Each structure stands twice: as structure tokens, then as C-alpha cells.
Amino acid sequence: MITGRAKLAGVIGWPVSHSRSPLLHNFWLARHGIDGAYVPLAVPPERFAEALCGLRAAGFVGANITIPHKEIAYRHCDTLDASALRVGAVNTLVFSESGIVGSNTDGYGFLANLAAYGVKPGGPSLILGAGGAARAIIASLMAEGAKVTVTNRTRGRAEALAEALPGLAVLDWQEREAALADQALLVNTTSLGMRGHAALQFDLSQAAPTLAVADIVYAPLETPLLADAQARGLVVVPGLGMLLHQAVPGFAAWFGVRPVVDAEVFAAVTGPEQATLPA
Ligand code: ATR
């Protein structure tokens, strides 16, 4: 039920129609009987600043930020937490009396999802891809003490990441399989394997039997990379949980309840498609 006192939040993106965040947050709002709503906000880049002002003027409690606004939103924040500063981009805004507080919960979501599948961060990790999500994931793994190597088709982007994150090693894309034997964790952050995209070409035959393979692609829920890892008996960490966990801190800040990620939540955002749930 939405009354005249409902708390309002939403996700700002362009486009935004593919976002599963409204399904997720409105599921949690209903579960907890909270008087609130979470809506998709399709905002083109040139109107982002205007939209942000409008949402604050209209009394929204905050917003999630998705592609392509994460960097520009960072520049509109009055306060940035450590996660935002590490990444240089935000995905969660809290509107307060004193201004806009920005954070980046992607790294938190990634680590929380690893934990849900029983994977401890901290071991040597190989990251495929050097986009925005890669930076959040790498920074969170390095903060856990992991020795991280990044490899990207365009080597310059990987090198730029290494400049921003001292201690990060860079590997040529052609060499991506050579370093596998020494890794505890492999993470795909590229768009390869996503529905409508080519599959990632990655030979897992040199993997240690204890390797955990994580993919941030969640459509399909089981990417070709994860299917291959599963068939080899490796530990598999599907990407949907990262999306669900990254939403927790924002919901808690806006609506005052810390929600949990469980099987019902997976079902609410996947619909008829069956999620691979943590054991
Ligand atoms: P962002 O996360 O910043 O939006 P993106 O353009 O969506 O970035 O791409 C995400 C990642 O997928 C990038 O690392 C990209 O590699 P490039 O930096 O070389 O573009 C990677 N990627 C996309 N298509 C790829 C392909 N066919 N082969 C290898 N990597 C690919």
C-alpha cells in the first residue's frame, strides 16, 4: 500500500527498462510492509543534473545510479564514502538534509555473493575485463588482501586501472589462460557470455581443482563459462547474487530495514527462469 507519506526511491539509467532493481526493491518493500515505492527513472545524460534536482525537490529519499550515469553522479555528490572514492563512480545515492551522500556498493555486492557461495576472498585472483564493474571488484578484492591480476582485450584500459589501483598486475589478453594454474579465483567482468553476445573463449583445463569461477553476467543465469566450470567440478559463483546483494545497503539507508537475499528474492527477480542458488 502506498499512502501520502510513502518514501520514494528509484533507479536512474538510460535506458533503464531492462533494470531488475524495481522488481527487487518492491519485493522487499512488500515483504516488510513498508509504505514506499521504487521506480525506474529513464533520464538521458544531458538531463541528469536536472533530474537529480527534481528528485530531491520532490522529496525522494535516494536513488540507485546505473549506466551511463555512474561517473557523472559521482561528481554531484556532497559526501563520498570510501567505496565511492576507490572506484571513482557511484551506484547508490542517499539524499539527506546536508546533501547527497554517494557510495559504490558493487564491491560489497560482489564480496557478499562470494560469501554466499562459500568462497573466501584473499587468494590470487584473475579478473577478465577492465570496465567500471571490474574496478569495483578489483578494489574490493585488493582491500581483502588478494593479489589481483587484470587482463583486458584493450590493454590500455587495464593499465589505466593499474595506475588507479597500485599493486594491480596487468596481463596481456592473449596470455589470459597462462596464469590460471596459480589462481584461487577467476572473475569474468566482460560482457562476453551475456545473452546476445559471443561466449567468452577461456580454456579452464589448467585450473587448480580448488579454483572458484565467478561471472558478473546474470542473463543467462548460467553462462557458458560457468557451465564449463561446473562440468569440471570447480566452484561456481553466478552473477545474479551480486546484483541482489549490492542493493542491500541502499534499501537499508532509504527504508530503515536491512533486507536479506534468499531464494524468494532470487525467484522474484528471475521470474520463471530458475536461479542457481547457493547451497
Ligand atoms: P563498461 O563496464 O565500462 O561499460 P563495456 O564497454 O561494457 O565497459 O565492456 C566491458 C568489458 O567487456 C570491457 O573490458 C571490454 O573490453 P574492451 O575494454 O577491450 O572493450 C570487454 N569486452 C567486450 N566485448 C569484448 C570482446 N568481444 N572480447 C573481449 N573483451 C570484450
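Computed from a predicted model, the values in this text were never measured in an experiment.

Colleague: Just checking my understanding: could you explain the site of the ligand for this structure?
Modeller: In the neighbourhood of the ligand, the contacting residues comprise Gly129, Ala130, Gly131, Gly132, Asn152, Arg153, Thr154, Arg157, Trp173, Thr190, Ser191 and Leu192. Here an oxygen atom of the ligand and a backbone polar atom of Gly132 are 3.3 Å apart. Within the side chain of Arg157, a nitrogen or oxygen atom sits 2.8 Å from an oxygen atom of the ligand. Burial of the ligand by the surrounding chains reaches 66%, relative to a free accessible area of 630 Å². When atom positions are compared with the pocket grids, the ligand is found to occupy the largest pocket.

Colleague: Help me understand the layout of surface pockets in this model?
Modeller: One water molecule sets the probe size; rolling that probe over the atoms shows where empty space is left. Roughly 1,500 Å³ of volume is contained in the largest pocket. The set of elements that each furnish at least two residues to the lining of the largest pocket consists of strand S3 (62–65), helix H3 (70–76), helix H6 (132–143), helix H7 (155–164) and helix H9 (240–246). Of the residues assigned to the lining of the largest pocket, the class counts are 23 nonpolar, 19 polar and 8 charged.

Colleague: Sorry, what's going on with the nonpolar core here?
Modeller: Across soluble globular proteins, nonpolar side chains show a tendency to be buried alongside one another. With 48 residues, the main nonpolar core has Phe110, Ile127, Ile138 and Leu141 as its most contacted residues. Top contributing element to this core by residue count: H6, with 5 residues. One finds Trp173, Leu200, Leu225 and Leu226 within the second-largest nonpolar core, a separate group that totals 18 residues.

Colleague: Just to check I follow, could you spell out the packing of helix H1 (residues 21–31) against helix H10 (residues 248–255) for this structure?
Modeller: If you want to describe how two helices pack, look at the angle between their axes and the distance between the axes. Running from N to C, H1 and H10 point in directions that differ by 50°, and their axes come no closer than 11 Å. By the angle between their directions, the pair H1 and H10 is classed as oblique. Crossing of H1 against H10: the hand is right-handed. Where H1 approaches H10, its residues His25, Trp28 and Leu29 are matched on the opposing element by Val248, Phe251, Trp254 and Phe255. The class makeup of the residues in the contact of H1 with H10 is 6 nonpolar, 1 polar and no charged.

Colleague: How should the sheet that holds strand S8 (residues 148–152) be read in this particular structure?
Modeller: For sheets, the rule is that strands pair by backbone hydrogen bonds, running either parallel or antiparallel. Spatial ordering of the open sheet is given by S9-S8-S7-S10-S11-S12, a layout of 6 strands whose pairing is parallel. Whereas interior strands pair on both sides, the edge strands pair on one side only; in this sheet they are strand S9 (169–172) and strand S12 (235–237). In this sheet, neighbouring strand axes are inclined to one another by 20° on average, regardless of whether the strands run parallel or antiparallel. Where strand S7 (residues 125–128) lies against S8, 4 bridges are found, and the strand directions are parallel.

Colleague: How do you make sense of the side chain of Ser140 when you look at a structure like this?
Modeller: Along the polypeptide, Ser140 turns up in helix H6. The contacts of Ser140, once residues within four sequence positions are left out, are Gly107, Phe110 and Leu111.

Colleague: What is the right way to read H7 from this model?
Modeller: One turn of the α-helix equals 3.6 residues, which is why residues spaced by three or four share an orientation. Where H7 is concerned, the buried positions are Ala158, Leu161 and Ala162. Projected onto a plane normal to the axis of H7, the buried residues spread over an arc of 100° and lie on a single side. Buried residues belonging to H7 abut H6, S8 and S9.

Colleague: Which parts of the structure should I look at to understand the environment of Ala136?
Modeller: Within the element layout of this structure, Ala136 appears in helix H6. For Ala136, a relative accessible area of 3% gives the class buried. It is 5.0 Å that separates the C-alpha atoms of Ala136 and Gly107, two residues lying 29 residues apart in sequence. Dropping the residues within four chain positions of it, Ala136 is found in contact with Val87, Asn104, Asp106 and Gly107.

Colleague: Explanation requested: the pattern of salt bridges in the structure shown.
Modeller: Close approach of charged atoms allows side chains with opposite charge to pair. Taken as a whole and assessed by the stated rule, the structure comprises 8 salt bridges. Measuring nitrogen to oxygen at the nearest pair gives 2.9 Å for the salt bridge that ties Glu264 to Arg31. Of this pair, Glu264 sits in helix H11 (residues 263–270) while Arg31 is found in helix H1, placing the two residues 233 residues apart along the sequence. Arg232 is the partner of Asp228 in a salt bridge, and the nearest nitrogen-oxygen pair spans 3.0 Å. With relative accessibility at 40%, the residue Arg232 sits in the partly exposed group. What emerges from the salt-bridge pattern is a single network uniting Arg31, Asp262 and Glu264.

Colleague: Help me understand the pairing of S7 in this model?
Modeller: For a regular strand, the rule is simple: side chains alternate between the two faces of the sheet. Burial of the side chains of S7 extends over both faces: Ser125 and Ile127 are buried on one face and Leu126 and Leu128 on the other. Bridge analysis of S7 against strand S10 (residues 185–188) gives 4 bridges, and the strand direction is parallel. Across the sheet, the residue bridging to Ile127 is Val187, located in S10.

Thresholds, definitions, all that
- Residues numbered from 1 in each chain as written.
- Predicted model: local features only at pLDDT ≥ 70, side-chain atom pairs only at ≥ 80, totals over all residues.
- Heavy atoms only, no water.
- Near = heavy atom within 4 Å.
- Polar contact = N/O pair within 3.5 Å; in protein donor to acceptor, adjacent residues only side chain to side chain.
- Areas by Shrake-Rupley, 256 points an atom, 1.4 Å probe, with all protein chains shown as cover.
- 1 Å grid on protein atoms, 1.4 Å probe; cavity = no way out; pocket = protein on both sides within 12 Å on 5 of 7 lines; lining within 4 Å.
- Sits in = over half its atoms within 2 Å of the grid points.
- Points joined across faces, edges and corners; volume = space filled by probe spheres on them.
- Helix = DSSP H or I, 4+ residues; strand = E, 2+ residues; numbered from the N terminus.
- Nonpolar A, V, L, I, M, F, W, Y, C, P; charged D, E, K, R; others polar.
- Core = buried A, V, L, I, M, F, W, Y, C linked by side-chain atoms within 4.5 Å.
- Buried < 20%, exposed > 50% of the residue type's maximum accessible area, 1.4 Å probe, protein only.
- Axes fitted to C-alpha atoms, helices over the stretch in contact; angles between N-to-C directions.
- Parallel < 35°, antiparallel > 145°, perpendicular 65-115°, else oblique.
- Left-handed = near helix turned anticlockwise from the far one by under 90°.
- Contact = heavy atoms within 4.5 Å.
- Pairing = 2+ DSSP bridges.
- Arc of directions from axis to C-beta.
- Salt bridge = Lys/Arg side-chain N within 4 Å of Asp/Glu carboxyl O.

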